[in-house]
Every structure is written in C-alpha cells, then in structure tokens.
Amino acid sequence: MGVSIFQVAGPVMIGPSSSHTAGAARLGRIAAKLADDFDFVSFGLHGSFAKTGKGHGTDKALLAGVMGIREDDEAIADAYAIADEATIGYEFHDVELTGIHENSVRIAFYKNGELLCKVDGSSLGGGEVMISRINGYEVELSGNLPTIFVRQLDTRGVLSHITTVLAEGGINIATMKVSRKNRSEEATCVIEVDEEIEEGLLKKIENNPNIYAVRFI
Amino acid sequence: MYHSCRQLLEMTEARKVPIHEIVIENEMKNSNLSRAEVIENIKKRYRIMQTSAERALEQPLSTEGGLITGIASTQYRYSKSGSTLCGRFVNTVMARALSCSEVNASMGKICAMPTAGSCGIVPAVLITIGEEYNKTEEEVIAALITASGMGTIVVENATVAGSEGGCQAECGVAAAMAAAGAVELSGGTPAMSMEAFSLALINVMGLVCDPVAGLVQIPCAQRNASQAVNALLSADMALGGAVFPIPADEVIDAMYKVGKLLPVQLRETAMGGIAATETAKDITDRIFHR
C-alpha cells in the first residue's frame, strides 16, 4: 500500500493542531457514543493535553466533540456557548494517567449526578485517535471502522450469540477484543466490522439476558 | 506504483506525461477511486485552501494570545503599496501564506498541506501563480496533485512531522512540494520539478521546530511566508536551467537523517531555538498565567 495523496493534502480540519484540536474533537465524539444521554461531562487532561492544550483549543475541541460536532466544523470555536445553550455542564482538570500516550484525556459522562461512563483516550497525531479504556476495561478502539461496543456478563455462550447474529446479518468481523476484570462478572467486548450496522441487528444482539448494553460507533 | 522520485520521474519520462498524470493513476489504484472521484476529492480540498488563503487578507482574526493577529492583512496592504522590494507578486504570495496560518491559529478551517502548521505554503504559491499568469483552475489543480504526489514520497520514505524532523520536515517539505508544482504550472519538465523540489529542500536543511509557547503561530506563520518564497526561487532556478547534481531521493534521505540528529529540544517541544528566548518565555507566562 502506497501513501495516499489525501494523507498529504489533508485532513480538512479546524486549526491549529491535528493532534491537539482535530484529534481531540474526534476523541470526544467517539467517547460520547459510548455514553447515554448525559447532562454533565468532566475532562481530565493528561500530559501535553494538560500542558499546551489551552493554546490549541483542546478544551473547546473536546467539548464540541462530545456534543457530536465534527473536527472540520467551525462550530468548535463556539463550543462553550453551544454547551451552555444545550444546558450541558462541563469541567476541566489536570490528571496523571498511567501507561498512556502524552496527548490523552479521561472523559467522564454524568446524568443527574450519576456516573454513566468513563473513557480514556489518546490523540496519536494526524487526527488519528485510540480509546484505550472504557469504565476501567482495557480496549483498543480507533474509530476508523464501524465498531460495536458490548457490555455483557462473563459467561459461556454470550460471544457466540453475538457472532452468530453478526454472521446471520451478513457482517464480517475485522477485529474483536474481549476484556473482563473478574471471572463471571461484567465484561466488555469491542468488535470492529467491515460494514455499517442497522439498528435492528443491534437490537438482536441486545436481545439476550446476559447482555447489558450495546452501542454502535 | 512508485516509491521514490526516481521511479516517478522514470514513469513520466517513459510515457511522456506530466507528473500529475502518474500521481492520479497511482491514487486511483491506491484508494480504489475513479479518475473523476480523485479530482473531485482534491478539488474539495482546493476550495478550503482558497478560502483560507483569502480569509485573513482584509480582516485580522483573533488568535490565542494575539501573537499573529493581523499578520496577513498587514502584509497584504503592503503588497499593494507599490513600494515593495520584491514586488506585488511575491508579497501577495507571502500574504496568502500568512492568511492560511492566521486562519489555522484562529481555529478556522484549513486543509493540512502536508501539516496544519505548514498549510499556507502550497496554496499561496499555486493560487497566486495561477492568478498572475492566467492559468485555468484545471491547471492549478493538476499542479496541486503533482505537489501532493511529491509529498507522498516524503511521507513514505522520511517524515513530515515537526516532532520527528523539525521544521525542515514540515515547512521545508511543503516548500519542496510547492516548488515541484510551481514548475509544472509554469510549463517546466518533470525533471525540472524534481530539481526544484531538491533545491527548496536543501535551502532549509536543518531548520528546527521551535514554536513560541508551544503554539502554532511564531515562527510557524513567518516560515510559511518565507518558505513560499523559497518555493518560488527554487522553481525559478530549476526553470532557468540550473543543474543540481544530488537526486531528490538523496536530498529527502539527507533531510530525514538531519532530523534524526536534531536534539529533542529542537523538535516541537518549545524548549529550544526561538521558543527558548527570554521574550518567548515572557509570552508563555502571559498566555498561560504561570
């Protein structure tokens, strides 16, 4: 595979930095798809995001991203006003995360004061990103392929239920990563696929007593 | 498929076609797109470049810390004053490069070329040549494709990241890409494009990445302007028949090796060069309230 001219002439993005602005917006957007409707979001800035993020609009890009604003949308610059309008609360602080890229953030989503979801992600440069932890579970999620995120009980037959539904739906699995903290407790599964997934298929996956939640990214 | 400047040049010479033709055919295979789709995709990016090259010419834009607010409009006014040293054309090229940088720093929309920090060089050079010498939009877009194709060879064999190779890898490579495109747009041969590419890159060999306060403003914007001019003079030397004996692939390799020799303080960390001056430290304190 050679290098595409669109990697050189691109990405089209809101400045000033592909890692600190465009990548940050993308991280926010992907993370928000893992959370339910939220009314408050907290951003823990790590490393270079904490040190030079402000000058690069990393805060605005992250906040815009969680509201679904894309990295090439000039609305990023107005993220604070848009969040206030939508009555979404937000907060930024510095954190030190371990074993993670220099440009990283911990995003926590809340509803009525209750924690919904906690996501750690990194901006790798050139607008590329990687979600590495969801609610403490180790994952690898780049957002470059359509991705299904499942929370399930760690028990026999759950994964075969998921793969059977996907196979019957004509979906090819590109990668799959299962992660658990303890045996027979909650586990997660990140599945990257080659095709877009329809709502009905996600419902079929969810239709299993051992599956708690299914998200499509 | 080509993976070097030499291969790309041989392919153009064997078929007697311009560089952009080989680049388009390669991209069709690479991205599995039709010819029309490749051109349409580049045209969309060209529209973004046109807008960012114009937007700050009349109207200063708000930038973090205000470090480069108004830099483009000041230069543009001067370009029209009739009393410049380098003339209206060269000063307009600089103003457009500065406009792209100012738009980028103001959280406006740009197209990285090859990076966000160096996004003004190729647009400023190709758009202004197109305007000055009455080139068609198709011709300017063809030159943009040539410039992009030359950039892919650097990405494949070296780097365009300031954190890896310093400013020579960002603004330097952008200048080399622009020089190759400028030669084609001005009727030069593919060999002359390669020559211009090499000349532009040797002119910046060793240039460090030293952003004041870590922001993509100073000296990034000023270097967008100066490297746009580097592209023009390199193209003119090649078009004039200057012979440069070192092949472009070897110049790219030399640039990459120089980048590896640069200490980390001079690779985008804001710990050396102009970023480490007393005034730069004061600016940093002022912006970040440390």
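Residues numbered from 1 in each chain as written. Chains lettered and ligands numbered in written order. Predicted model: local features only at pLDDT ≥ 70, side-chain atom pairs only at ≥ 80, totals over all residues. Heavy atoms only, no water.

Engineer: Before we move on, could you go through the overall build of chain B and cite the residues and values that matter?
Structural biologist: A count of helical and extended segments in chain B gives 13 helices and one strand. For chain B, the succession of helices and strands along the chain, N to C, is α-α-α-α-α-β-α-α-α-α-α-α-α-α. Over its C-alpha trace chain B gives a radius of gyration of 18 Å, about what one expects of a compact globule, namely 19 Å for 290 residues. In terms of its C-alpha atoms, chain B occupies a principal-axis envelope of roughly 60 × 40 × 40 Å. By the burial criterion, 58% of the 290 residues in chain B qualify as buried. Roughly 11400 Å² of accessible area belongs to chain B as shown, and the carbon and sulfur atoms make up 55% of that amount. (Helix = DSSP H or I, 4+ residues; strand = E, 2+ residues; numbered from the N terminus. Rg over C-alpha atoms; globule rule 2.2 N^0.38 Å. Buried < 20%, exposed > 50% of the residue type's maximum accessible area, 1.4 Å probe, protein only. Areas by Shrake-Rupley, 256 points an atom, 1.4 Å probe, with all protein chains shown as cover.)

Engineer: Could you give an account of the environment of M255 of chain B, naming the residues involved and the relevant values?
Structural biologist: All names here are of chain B. Among the secondary structure elements, M255 is positioned in helix 12 (residues 248-261). A sequence separation of 228 residues divides M255 from E27, and the C-alpha atoms of the two residues are 25 Å apart. Every residue in contact with M255, bar those within four places of it in the chain, is listed here: V154, A158, T159, Q168, A169, V173, L201 and M205. (Contact = heavy atoms within 4.5 Å.)

Engineer: Outline empty space enclosed by the protein, listing residues and values.
Structural biologist: This model, assessed by the stated rule, comprises one cavity of 30 Å³ or more. Lining the largest cavity are G2 and V3 of chain A together with Y2, N26, N30, T152 and E156 of chain B. Among the secondary structure elements, those contributing two or more residues to the lining of the largest cavity are helix 2 (19-31) and helix 7 (137-157) of chain B. Its residues assigned to classes, the lining of the largest cavity comprises two nonpolar, four polar and one charged. (1 Å grid on protein atoms, 1.4 Å probe; cavity = no way out; pocket = protein on both sides within 12 Å on 5 of 7 lines; lining within 4 Å. Points joined across faces, edges and corners; volume = space filled by probe spheres on them. Nonpolar A, V, L, I, M, F, W, Y, C, P; charged D, E, K, R; others polar.)

Engineer: Break down the pairing of strand 5 (residues 114-125) of chain A for me, with residues and values.
Structural biologist: Residues and elements named next belong to chain A. As judged from the eight bridges shared by strand 4 (residues 103-111) and strand 5, these two strands associate in the antiparallel manner. What sits directly across from Y110, in strand 5, is L115. Remark: two residues form the turn of the hairpin made by strand 4 and strand 5, two consecutive strands paired antiparallel; N112 in that turn has positive phi of roughly 50 degrees. Across six bridges, the pairing between strand 5 and strand 6 (residues 128-134) is antiparallel. (Pairing = 2+ DSSP bridges.)

Engineer: Please give an account of the sheet that holds strand 10 (residues 186-193) of chain A that cites residues and values.
Structural biologist: Residues and elements named next belong to chain A. Here four strands make up an open sheet; going across it, the order is 9-10-8-11 and the pairing antiparallel. Each edge of the open sheet carries a strand with a single partner, namely strand 9 (173-180) and strand 11 (211-216). On average, each strand axis in the sheet is tilted by 15 degrees relative to the strand beside it, whichever way the strands run. The sheet contact formed by strand 9 and strand 10 spans seven bridges and is antiparallel. Pairing of S179 across the sheet is with T188, part of strand 10. Set on the sheet, helix 7 (residues 199-206) makes contact with strand 8 (147-153) and strand 11; between it and strand 11 the angle comes to about 160 degrees. (Axes fitted to C-alpha atoms, helices over the stretch in contact; angles between N-to-C directions.)

Engineer: Any chance you could break down the interface of chain A and chain B for me, citing the residues and the numbers?
Structural biologist: How big an interface is tends to be stated in terms of accessible area lost as the parts join. The interface is formed by 26 residues belonging to chain A together with 37 residues belonging to chain B. When chain A packs against chain B, the two sides together hide about 2700 Å² of surface, and 63% of this comes from carbon and sulfur. When the buried area of chain A at its contact with chain B is split by residue, I5, F6 and V8 of chain A rank highest and sum to 25% of it. Counting every contact that joins chain A to chain B gives two salt bridges. With a closest N to O distance of 3.1 Å, R55 of chain B and E74 of chain A form a salt bridge. In this structure, the connection of chain A to chain B is made through 16 residue pairs in polar contact (both at pLDDT 80 or more). Secondary-structure elements contributing two or more residues to the side of chain A that touches chain B are helix 1 (5-8) and strand 1 (12-14) of chain A. Taken together, the residues of the side of chain A that touches chain B sort by class into 13 nonpolar, eight polar and five charged. Note that strand 1 of chain A and strand 1 (residues 109-111) of chain B share three bridges and pair antiparallel. When the sheet's bridge partners are listed, M13 of chain A is paired in strand 1 of chain B with I110 of chain B. (Buried area = accessible area lost by both parts, 1.4 Å probe. Salt bridge = Lys/Arg side-chain N within 4 Å of Asp/Glu carboxyl O. Polar contact = N/O pair within 3.5 Å; in protein donor to acceptor, adjacent residues only side chain to side chain.)

Engineer: Explain helix 1 (residues 5-15) of chain B to me, using residue names and the numbers behind them.
Structural biologist: Residue and element names in this part refer to chain B. Looking only at helix 1, the buried set comprises C5, L8, L9 and T12. Down the axis, helix 1 shows its buried residues gathered within 95 degrees of arc, on one side only. Helix 1 presents R6 and A14 as exposed residues on the side facing more than 90 degrees away from its buried surface. On its buried face, helix 1 is in contact with helix 2, helix 7, helix 10 (190-202) and helix 12. Looking one or two places after helix 1, you find K16, whose phi comes out positive at around 55 degrees. (Arc of directions from axis to C-beta.)

Engineer: Which residues make up the pattern of salt bridges, and what values go with them?
Structural biologist: Residues and elements named next belong to chain A. Within this structure, the stated rule accounts for 21 salt bridges over all chains. With a closest N to O distance of 3.0 Å, R151 and E186 form a salt bridge. With R151 in strand 8 and E186 in strand 10, this pair connects stretches of sequence that are 35 residues apart. In this structure R151 comes out as partly exposed when scored by relative accessible area, which is 27%. What makes E186 partly exposed here is its relative accessible area of 24%.

Engineer: Please provide a residue-by-residue account of helix 7 of chain B, values included.
Structural biologist: Compared with the 30 Å implied by 1.5 Å per residue over 21 residues, the 31 Å span of helix 7 of chain B between its first and last C-alpha is a close match. Counting buried residues in helix 7 of chain B gives 15 out of 21 residues, a clear majority hidden from the surface. (Expected span 1.5 Å × (residues − 1).)

Engineer: Report on the pairing of strand 7 (residues 137-141) of chain A, specifying residues and quantitative values.
Structural biologist: Alternating residues of strand 7 of chain A divide into Y137, V139 and L141 of chain A, all buried, and E138 and E140 of chain A, none buried. Following strand 6 of chain A, the chain reverses through two residues before pairing antiparallel with strand 7 of chain A; N135 of chain A in that reversal takes a positive phi of roughly 50 degrees.

Engineer: Describe the domain arrangement of chain A, with residues and values.
Structural biologist: Residue and element names in this part refer to chain A. Domain annotation of chain A identifies domain 1 (12-141) and domain 2 (147-216). Taking the mean C-alpha position of each, domain 1 and domain 2 sit 25 Å from one another. Residue-level contacts link twelve residues of domain 1 with 13 residues of domain 2. When domain 1 packs against domain 2, the two sides together hide about 1100 Å² of surface, and 59% of this comes from carbon and sulfur. The interface formed by domain 1 and domain 2 contains three residue pairs in polar contact (both at pLDDT 80 or more). (Domains from an automatic or database assignment.)

Engineer: Describe the packing of helix 9 (residues 167-185) of chain B against helix 11 (residues 220-239) of chain B, and please don't skip the residues or the numbers.
Structural biologist: Residues and elements named next belong to chain B. Following both chains from N to C, one finds helix 9 and helix 11 inclined at 40 degrees, their axes separated by 8 Å at the closest point. When the axis of helix 9 is compared with that of helix 11, the two are oblique. Once helix 9 is placed against helix 11, the crossing between them reads as right-handed. Where helix 9 abuts helix 11, its residues C167, C171, A175, A178, A179, A182 and V183 lie against R223, N224, Q227, N230, A231, S234, A235, A238 and L239. Considering only residue class, the contact of helix 9 with helix 11 consists of eleven nonpolar, four polar and one charged. (Parallel < 35°, antiparallel > 145°, perpendicular 65-115°, else oblique. Left-handed = near helix turned anticlockwise from the far one by under 90°.)

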